[in-house]
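Structural overview
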There are 2 protein chains.
Amino acid sequence: MSEVAATGISVLLVDDHPIVRQGYRRVLESQGDLHVVAEADNAADAYSAFKTHDPDVIVMDISMPGASGLEAIRNIRARSPRARILVFTMHNEAVLVKAAFNAGASGFVTKSSEPSAVVNAIRSVARGERAMSDDIAHILAEDSLSSGSALDQLGEREIEILRQFAGGATTEQIATQLNLSVKTVQNYHYLIKSKTGARTDAQLVRLAATCGLTRI
Amino acid sequence: MSEVAATGISVLLVDDHPIVRQGYRRVLESQGDLHVVAEADNAADAYSAFKTHDPDVIVMDISMPGASGLEAIRNIRARSPRARILVFTMHNEAVLVKAAFNAGASGFVTKSSEPSAVVNAIRSVARGERAMSDDIAHILAEDSLSSGSALDQLGEREIEILRQFAGGATTEQIATQLNLSVKTVQNYHYLIKSKTGARTDAQLVRLAATCGLTRI
DNA sequence: TGCAGCTCGGGCAAATTTCCCAACCCGGAT
DNA sequence: ATCCGGGTTGGGAAATTTGCCCGAGCTGCA
């Protein structure tokens, strides 16, 4: 960590949108102490880039095609427990935030945050601290008071599948993307409906939307 | 428009994520001929900024909280038909694309596109041309077999059934309510899907919501 | 060690979707 | 007046999905 203070903070950017990555890179590098040493647009590349470049912080959008972002966090942390991962996404649902921290993330910042908040979060994570943006803190605070939105009873996989479904994905698309059999996705679909009490796909979509799982 | 050629292309950036806006701004301004003259993070600010700065192109993410992005496009175009709006979003569903063009957008580019494709789209739109990224063109091409516009092509009965369905009603409830056989409602369901190009019930709900047919 | 809970899928009857089709009525064009 | 097109209403049959049951592997926890 001494060389961190001497040379600044090295960052690995993970996001599936190239222009978004390029934008982040410019914003971060204008700070002086932040250096983007590599980029990746999927979970597998992220891990190999991590091994190659050994960055101080991984800034990762968890809504990527292919493997779940949470899965990616778990994989990286399982192999390299010293990895510092800052989740940087537009999603702000309490269940997702908690799942991310449980998976091993060191920080969670929404894209609604001011750039200064983002770079400060990167610096905090690089120091080994836990970091989150103000809106996330508020959401977690409210969540700890009120017990139980409809989503709290859902597991991580169920939430991921619900989000993709509500986003308009077909059963086969979800199965392919998550590497599951169609039957399993169908079963999750049914399980989610019975857990939440939704009788109709439309009700499921509305539920997901009101819980902030998807935007319309 | 003569001053456009002399001074480059002025751009109004609309996106609800500040750091995303800042990233785009840097990417665009590194091009030399593109100048971001204003930013906005919601529909209302977007219109006032448009009136104040009179930009050549509005680059807009339509997935914003609050008012629908499509609504924003319609509002701006209704008041200022010469406005050029380039939709720039991560969504790539055919129904959304068609709805955006119907609302008056001049272009549609996904965030998966290369930065060069995005800036070229901005230049095309500034010249008054229609622009879209390759993936969008493919999606529209596949869809164009049974194409049409989003909701305008639906009859009264179809719209009524779509509204009730998107509101969460079951097929039997709709049939009872409208004094139709279940079979007829099922047929309408299928007909609406094929007319709008929606492949999923969830996409139907999203379409109904973005068109103001139902509130979530 | 054992229990509880999540994940993942098979099986199978019931229901729905997907597409075809035929009518009816009605307004407009010929 | 006649025909055509389109909205509306439903039948039929194959394909698919749903609803609900089941078991198996795994993990964390008591």
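Summarised in this report is the structure supplied together with it.

Calculation rules
- Residues numbered from 1 in each chain as written.
- Chains lettered and ligands numbered in written order.
- Predicted model: local features only at pLDDT ≥ 70, side-chain atom pairs only at ≥ 80, totals over all residues.
- Heavy atoms only, no water.
- Pairing = 2+ DSSP bridges.
- Helix = DSSP H or I, 4+ residues; strand = E, 2+ residues; numbered from the N terminus.
- Contact = heavy atoms within 4.5 Å.
- Axes fitted to C-alpha atoms, helices over the stretch in contact; angles between N-to-C directions.
- Phe/Tyr/Trp six-rings, centres within 6.5 Å; stacked < 30°, edge-to-face > 60°.
- Lys NZ or Arg CZ within 6 Å of the ring centre and 35° of its normal.
- Near = heavy atom within 4 Å.
- Polar contact = N/O pair within 3.5 Å; in protein donor to acceptor, adjacent residues only side chain to side chain.
- Buried < 20%, exposed > 50% of the residue type's maximum accessible area, 1.4 Å probe, protein only.
- Salt bridge = Lys/Arg side-chain N within 4 Å of Asp/Glu carboxyl O.
- Buried area = accessible area lost by both parts, 1.4 Å probe.
- Nonpolar A, V, L, I, M, F, W, Y, C, P; charged D, E, K, R; others polar.
- Arc of directions from axis to C-beta.

Residues and elements named next belong to chain A. Strand order across the open sheet formed by 6 strands is β2-β1-β3-β4-β5-β6, with parallel pairing between neighbours. Each having just a single partner strand, β2 (34-40) and β6 (131-132) make up the two edges of the open sheet. Of the strand pairs in this sheet, strand β1 (residues 9-14) and β2 are connected by 6 bridges, and their pairing is parallel. Bridge pairing links Val14 to Ala40 in β2. Across the face of the sheet, helix α6 (residues 115-126) comes into contact with β1, β2, β3 (57-60), β4 (85-89), β5 (107-110) and β6 while running at roughly 160° to β4.

What follows concerns the packing of aromatic side chains. Residue and element names in this part refer to chain B. Tallying each qualifying case throughout the model produces 2 aromatic pairs over all chains. Stacked on the ring of Tyr47, the Lys or Arg Arg79 has its end atom at 4.8 Å from the ring centre. Sitting over the ring of Phe88, Lys111 keeps its end group 5.8 Å from the ring centre.

Here the focus is the protein's contact with DNA strand C. Not every one of the 16 residues close to DNA strand C is listed here, only the nearest: A:Arg157, A:Lys183, A:Thr184, A:Tyr188 and B:Asn187. The sugar-phosphate portion of DNA strand C accounts for 67% of its atoms within 4 Å of the protein, the bases making up the rest. A distance of 3.3 Å separates a phosphate oxygen of DNA strand C from a polar side-chain atom of B:Glu172. Measuring from a base oxygen of DNA strand C, one finds a side-chain N or O atom of B:Lys183 at 2.9 Å. Those elements that place two or more of their residues in the surface near DNA strand C are α8 (156-166) and α10 (182-196) of chain A together with α10 (182-196) of chain B.

What follows is about the pairing of strand β3 (residues 57-60) of chain B. Residues in a regular strand point their side chains to alternate faces of the sheet. All names here are of chain B. Judged by which residues are buried, β3 turns out to be covered on both faces: Val57 and Val59 on one side and Ile58 and Met60 on the other are all buried. The sheet contact formed by strand β1 (residues 9-14) and β3 spans 4 bridges and is parallel. Following the sheet pairing, Leu12 is matched in β3 by Ile58. Two elements, β3 and strand β4 (residues 85-89), share 3 bridges in a ladder whose sense is parallel. By the bridge assignment for β4, Val59 is matched with Leu86.

Our next topic: the pattern of salt bridges. A full pass over the atoms with the stated rule returns 21 salt bridges over all chains. Measuring nitrogen to oxygen at the nearest pair gives 3.3 Å for the salt bridge that ties A:Asp15 to A:Lys111. Of this pair, A:Asp15 sits in the loop between β1 and α2 (18-29) while A:Lys111 sits in the loop between β5 and α6, and the two are 96 residues apart along the sequence. The exposure class of A:Asp15 is buried, given its relative accessible area of 2%. One salt bridge connects B:Glu158 with B:Lys195, and the closest N-O pair in it is separated by 3.1 Å. Highlighted residues: B:Glu158 in helix α8 (residues 156-166) and B:Lys195 in helix α10, separated in sequence by 37 residues. Taken together, the shared-partner salt bridges in this structure form one network comprising A:Asp15, A:Asp61 and A:Lys111.

Listed as interface residues are 36 residues of chain A and, on the opposing side, 41 residues of chain B. When chain A packs against chain B, the two sides together hide about 3,200 Å² of surface, and 65% of this comes from carbon and sulfur. Interface area lost by chain A to chain B is led by A:Ile19, A:Arg206 and A:Ile216, which between them contribute 22%. Across the chain A-chain B interface, the total number found is 0 salt bridges. Those elements that place two or more of their residues in the side of chain A that touches chain B are α2, α6, α8 and α11 (201-210) of chain A. The leading source of residues in the side of chain A that touches chain B is α2(A), at 8 residues. A class-by-class count of the residues in the side of chain A that touches chain B yields 16 nonpolar, 14 polar and 6 charged.

All names here are of chain B. Taken together, the buried positions of helix α9 (residues 171-178) are Ile174, Ala175 and Leu178. Looking down the long axis of α9, one finds its buried residues gathered within 100° of arc, a one-sided arrangement. Of the residues in α9, the exposed ones pointing more than 90 degrees away from the buried face are Glu172, Thr176 and Gln177. On the buried face of α9, the contacting elements are α8 and α10.

So, about the environment of B:Gly23. Inspection of the secondary structure puts B:Gly23 in helix α2 (residues 18-29). Here B:Gly23 falls in the buried class, since its relative accessible area comes to 2%. Setting aside chain neighbours within four positions, we find B:Gly23 in contact with A:Gly23 and A:Val27.

The subject of this paragraph is the sheet that holds strand β5 (residues 107-110) of chain B. All names here are of chain B. With parallel pairing, the 6 strands of this open sheet are ordered in space as β2-β1-β3-β4-β5-β6. With one partner strand each, in any of the chains shown, β2 (34-40) and β6 (131-132) form the two edges of the open sheet. Sitting on the sheet, α2 touches β1, β2 and β4, and the angle it makes with β2 is about 165°.

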